[in-house]
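# Structural features, examined
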Amino acid sequence: MAQPDDMLDDDDYPAYTMGRAADIIGVSQDFLRRLGDAELISPLRSAGGHRRYSRAQLRLAARVRELCDHGTDMAAACRIITLEDQLAAALRQNEQRPSTD
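First, a word on scope: everything that follows refers to the structure included in this document. (Residues numbered from 1 in each chain as written. Predicted model: local features only at pLDDT ≥ 70, side-chain atom pairs only at ≥ 80, totals over all residues. Heavy atoms only, no water.)

### Things to note about the overall build of the chain
- Within the chain, the secondary structure is distributed over five helices and three strands.
- Along its sequence from the N terminus, the chain presents helices and strands in the succession α-β-α-α-β-β-α-α.
- Taking 13 Å as the expected radius of gyration for a compact globule of 101 residues, we find that the chain reaches 16 Å, considerably beyond that expectation.
- The C-alpha extent of the chain, read off along each of the three principal axes, is 55 × 45 × 20 Å. (Helix = DSSP H or I, 4+ residues; strand = E, 2+ residues; numbered from the N terminus. Rg over C-alpha atoms; globule rule 2.2 N^0.38 Å.)

### Some remarks on the pattern of salt bridges
- One pass over the full model with this rule turns up five salt bridges.
- When the shortest N-O distance is used, the salt bridge between Glu84 and Arg63 registers 2.8 Å. Highlighted residues: Glu84 in helix H5 (residues 74–96) and Arg63 in helix H4 (residues 55–69), separated in sequence by 21 residues.
- Exposure remark for Glu84: the relative accessible area of 41% places this residue in the partly exposed category.
- Judged by relative accessible area, Arg63 falls into the partly exposed class, the value being 29%.
- For Arg63, the salt bridge is made with Asp85, and the minimal N-O distance between the two is 3.0 Å. (Salt bridge = Lys/Arg side-chain N within 4 Å of Asp/Glu carboxyl O. Buried < 20%, exposed > 50% of the residue type's maximum accessible area, 1.4 Å probe, protein only.)

### Description of the sheet that holds strand E3 (residues 51–53)
- Within the open sheet, the three strands sit side by side as E1-E3-E2. Their pairing is antiparallel. Pairing within the sheet leaves two strands with one partner each, and these edge strands are strand E1 (16–17) and strand E2 (44–45).
- Taken strand by strand, H4 contacts E1 and E3, and its axis lies near 85 degrees from that of E3. (Pairing = 2+ DSSP bridges. Contact = heavy atoms within 4.5 Å. Axes fitted to C-alpha atoms, helices over the stretch in contact; angles between N-to-C directions.)

### Things to note about unusual backbone geometry
- The phi dihedral of Glu39 falls on the positive side, at around 65 degrees, and the residue is not glycine.
- With respect to the helices and strands, the residue Glu39 is situated in the loop between helix H3 (29–37) and E2.

Okay, here's the thing in structure tokens:
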């Protein structure tokens, strides 16, 4: 079983309630719900059915908020972030390939 210190260091550990997550990134709880509806983030559900968010998910939500604050609509912001993340993953993969020179 994971130790508490391991969970605190885990970026994917769902440590934050919806209210706390919204406070941390300065958005409404509805904003977080809409990100879930847009399938950018999928919060874990507690045994009682409450949404729980990880630090990694909060970083994504903060990126969406920043784009929305600059006039981008939420759907476009989610698509931009998805594409940026796919590009970053592809670049990392290319860096790991052996050179054919």
